[in-house]
Amino acid sequence: MANQQDLEFTYSTIDQIFRLSMGQTGDYSGAMYNGNFELTLEQAQRQKHRFITESLHINKESKVLDMGCGWGPFLTYLKERGVKGTGVTLSSAQAAACVANGLMVEVKDCRLITPEDYGLFDAVTCIGGLEHFCSIQQYQAGEQDEVYADFFRKVHALLPVGGRFYMQTMVFGKNRVPLEQISLQAPKDSDSYAMALMIAQFPGSWLPDGLEQVVRSAGPYFKLVSQSSGRLDYIETIGQWRKRFRAFQWNKYALYVSLLPRLLTNKAFQDLIAVFRRSPNRICFQRQIMDHYRLVFEKV
């Protein structure tokens, strides 16, 4: 799995820039347009949050755990409806921002949570977390199925029978690139280079091998209630993010300037800047190197 240092690099590095661009509790996961791209980004994210809430049968009496909660957008949605939500993240900057905004969030590895920590939950969400659970080294060692099965087993223990779990995750698509072909030295317009930038953006992470691997790993613990592809929605979401990141604000651009010393001296940071310039995740979705799914599970 990507470790805390990896996730600090990905998320804490852009913390203030993200919040200035997207709002204090902005959502850094694919929105839900359902084909209606006239919706604003905020409307599409709210539509996703409503879909999750309804799919998991969440009401004011529900106790909800949000794994990998980011800057707390879903927790904020729940709080506005009087629902008790608890969040965990491995990014210290995200956790601090959430707490400052009145949310119940801790820095914790969601894979290690047991009923002894918080008790049982009525519903659990993991919006984008699975993408970080398997490292390249674990994939190469043939441990990917075991990594995912262990995670689903842990979530299973946190829910009563009939309790529901929502997962949203990127997976490799039909045009996936073999690991041995992925390189930052590949031509800049190639699939291999786009995938190399994805790895630079999410160090320590390797995606599931399609929807089938995720559903198979969940099988002993959950039945699949619903599934839908969010690939096209994610392409639109990324386009909207890019507009927000580039929109001029004095304090935001001052932060960009403050990062210049790291740009000049840190190779990993140079690769991260290349990510924001080229948007490899959008390229990978467009070329179907990657896909994206919304999955609703129920404990059996």
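For the structure, see preceding data.
Treat the numbers as computed from the prediction; the structure is a model and nothing was measured. (Residues numbered from 1 in each chain as written. Predicted model: local features only at pLDDT ≥ 70, side-chain atom pairs only at ≥ 80, totals over all residues. Heavy atoms only, no water.)

### Remarks on the sheet that holds strand β3 (residues 104-107)
Put simply, the rule is: Two strands pair under a simple rule: DSSP has to find at least two bridges between them. We count a stretch as a helix when DSSP gives it H or I for four or more residues in a row; a strand needs E for two or more, and each element gets its number in order from the N terminus. To get an axis, fit a line to the C-alpha atoms, keeping to the stretch in contact for a helix; angles then go from 0 to 180 degrees between the N-to-C directions. Contacts: residue pairs with any heavy atoms within 4.5 Å of one another.
The strand order across the open sheet formed by seven strands is β3-β2-β1-β4-β5-β7-β6, and the pairing between neighbours is mixed. This sheet does not close on itself; its edge strands, each paired only once, are β3 and β6 (222-229). Across the sheet, the axes of successive neighbouring strands diverge by a mean angle of 20°, strand direction being ignored. Packed on one face of the sheet, helix α8 (residues 144-157) meets β1 (63-67), β4 (123-127), β5 (164-172), β6 and β7 (290-299) and runs near 165° to β5.

### Some thoughts on the side chain of H292
Test applied: Only protein chains enter the accessibility calculation, which uses a 1.4 Å probe. A residue is then buried if its area is under 20% of the maximum for its type, exposed if over 50%, and partly exposed in between.
As for its placement among the helices and strands, H292 is situated in strand β7. Classification of H292 as buried rests on a relative accessible area of 1%. Apart from the residues lying within four places of it in its own chain, the contact partners of H292 are Q168, T169, M170, S228, S229, G230, R231, Y234 and F285.

### Quick look at the pattern of salt bridges
Between side chains of opposite charge, a pair can form as their charged atoms come close. Condition: When a carboxyl oxygen of Asp or Glu lies within 4 Å of a side-chain nitrogen of Lys or Arg, that pair is called a salt bridge.
Counting across every chain of the model gives 13 salt bridges. One salt bridge connects D27 with K48, and the closest N-O pair in it is separated by 2.9 Å. You can see D27 sitting in the loop between α2 (15-22) and α3 (41-55) and its partner K48 sitting in helix α3, a full 21 residues away along the chain. As far as burial versus exposure is concerned, D27 and K48 are alike and both buried. Its salt-bridge partner being D233, residue R294 comes within 2.6 Å of it at the nearest N-O pair. Residue R294 is found in strand β7, and its partner D233 is found in helix α11 (residues 231-246); the two are separated by 61 residues along the sequence. As far as burial versus exposure is concerned, R294 and D233 are alike and both buried. When salt bridges that share partners are traced, they join R46, E80 and R81 into one network.

### Observations regarding the environment of K79
Its place among the elements puts K79 in helix α4 (residues 73-80). Those residues in contact with K79, other than ones at most four positions away along the chain, are N101, G102 and L103.

### A look at the pairing of β3
Going by this rule: Clockwise travel from the first strand over the helix to the second, with the strands pointing away from the viewer, marks a crossover as right-handed.
One ladder, built from four bridges, connects strand β2 (residues 84-89) with β3; its direction is parallel. Its bridge partner being in β3, T89 is matched across the sheet by V107. The β-α-β motif built from β2, the intervening helix α5 (residues 92-100) and the parallel element β3 has right-handed crossover chirality.

### Observations regarding the nonpolar core
Counted only if it meets this: For the purposes of this section, nonpolar cores are sets of buried Ala, Val, Leu, Ile, Met, Phe, Trp, Tyr and Cys residues that join through side-chain atoms within 4.5 Å.
W241 and M290 are the most contacted members of the largest nonpolar core, which totals 33 residues. When contributions to this core are tallied by element, the ones reaching two or more residues are α2, α3, β5, α9 (191-201), α11 and α15 (280-286). Counting residues per element, this core draws most heavily on α11, which supplies five residues. The residues touching W241, leaving out its near neighbours within four places in the chain, are M22, D27, Y28, S29, G30, L41 and Y234. If you look at the next biggest cluster of nonpolar residues, it comprises 30 residues, including M67, Y148, L211 and F222.

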